[in-house]
Amino acid sequence: MVVSLITTTYVASITFILLALIVFGLLHEYEKDYRNIISGGLAWSLVALMMLIPFSFIMDASHISNYEEIFDSTRGDNRSLTFWVLALFSFATEITRARFTSKNKAFSKGIRGSLLFGVGWGVAEFITRFLYFFEDGEPIENKVAMYLLILILNVNLTIIVLRYSENSKFIMFAIFIRFFFELAVFGGFGNIFTEFTSATTTGKVIQNLYFIAILQIMIAYLTYITRKVQSDVE
């Protein structure tokens, strides 16, 4: 099923904005674990709304056919536009993540808070970009794998940007990781599917994304233990 990007953006954004208004505004609940999940979803909602217009220039629906069209040989100019939109998107996401985690009183710093924040962000992002992404008949394991990759991405990036208060340069790590992941997603699903489309090919693209996920985990882990060692020394 093909659903417009505007629809999926508003579904995810309205859901988490309403949750934030109820939990933080009316109930004043700041001491529960779910505050981090809601905070992550709210942060993504802000990014999604900001990027709705730029993304509309390269794609109009949350569906794999949009990725194919970007790499259509008859629309070569669209590739350059996609590159710059993804660069802007990566910058906007990680700046928002860093500012949100450093200023938001509903966010609990630490590995547990980062995990839940990344889960909330990942759920909201999957609703916006990948819930209606796959073709009908796509194996469920490919959908689950893509969902888990989005969660892993955002958990790791949240751990990395925790160092923002110590050194703002850590945002650059997060921006580059995000950018390379987006290039891999758009390049993989776009370039390969211009030649042939099949569930097997989808699985191969997702498998290639595992290498980026492993790199993310390694960088996030090193970031975390370095921060822990530094605090122990101090």
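What counts, and at which threshold
Residues numbered from 1 in each chain as written. Predicted model: local features only at pLDDT ≥ 70, side-chain atom pairs only at ≥ 80, totals over all residues. Heavy atoms only, no water. Helix = DSSP H or I, 4+ residues; strand = E, 2+ residues; numbered from the N terminus. Buried < 20%, exposed > 50% of the residue type's maximum accessible area, 1.4 Å probe, protein only. Contact = heavy atoms within 4.5 Å. Phe/Tyr/Trp six-rings, centres within 6.5 Å; stacked < 30°, edge-to-face > 60°. Salt bridge = Lys/Arg side-chain N within 4 Å of Asp/Glu carboxyl O.

### Some words on the overall build of the protein chain
Thinking step 1. Per the secondary structure count, the protein chain includes 8 helices and 0 strands.
Thinking step 2. N-terminal to C-terminal, the α/β element order of the protein chain is α-α-α-α-α-α-α-α.
Thinking step 3. For the protein chain, with 234 residues in total, the buried portion stands at 49%.
Thinking step 4. The contacts of the protein chain with a sequence gap of at least 6 include a subset with a gap of at least 24, amounting to 81%.

### Side note on the packing of aromatic side chains
Thinking step 1. For the structure on display, the rule yields 19 aromatic pairs.
Thinking step 2. Summarising the aromatic geometry, the rings of Trp-44 and Phe-89 are spaced 6.0 Å apart at their centres and angled 85° between planes, so their arrangement reads as edge-to-face. Of this pair, Trp-44 sits in helix α2 (residues 34–56) while Phe-89 sits in helix α4 (residues 77–103), and the two are 45 residues apart along the sequence.
Thinking step 3. Judged by centre distance (4.5 Å) and plane angle (35°), the rings of Tyr-67 and Phe-186 are tilted. A residue pair is termed long-range when its members are at least 10 positions apart, and Tyr-67 in helix α3 (residues 64–70) and Phe-186 in helix α7 (residues 170–191) qualify at 119 residues. Across this residue pair, the class does not change: Tyr-67 and Phe-186 are buried.

### Here we look at the pattern of salt bridges
Thinking step 1. Summed over the entire model, instances satisfying the criterion amount to 5 salt bridges.
Thinking step 2. Notably, a salt bridge pairs Arg-129 with Glu-125, separated by 2.8 Å at the nearest N-O pair. Of this pair, Arg-129 and Glu-125 both sit in helix α5 (residues 111–129), 4 residues apart, roughly one helical turn.
Thinking step 3. Since its relative accessible area comes to 7%, Arg-129 is described here as buried.
Thinking step 4. In this structure Glu-125 comes out as buried when scored by relative accessible area, which is 0%.
Thinking step 5. A salt bridge links Glu-182 to Arg-129, with the shortest nitrogen-to-oxygen separation between them at 2.7 Å. In this pair, Glu-182 is assigned in helix α7 and Arg-129 in helix α5, connecting sequence segments 53 residues apart.

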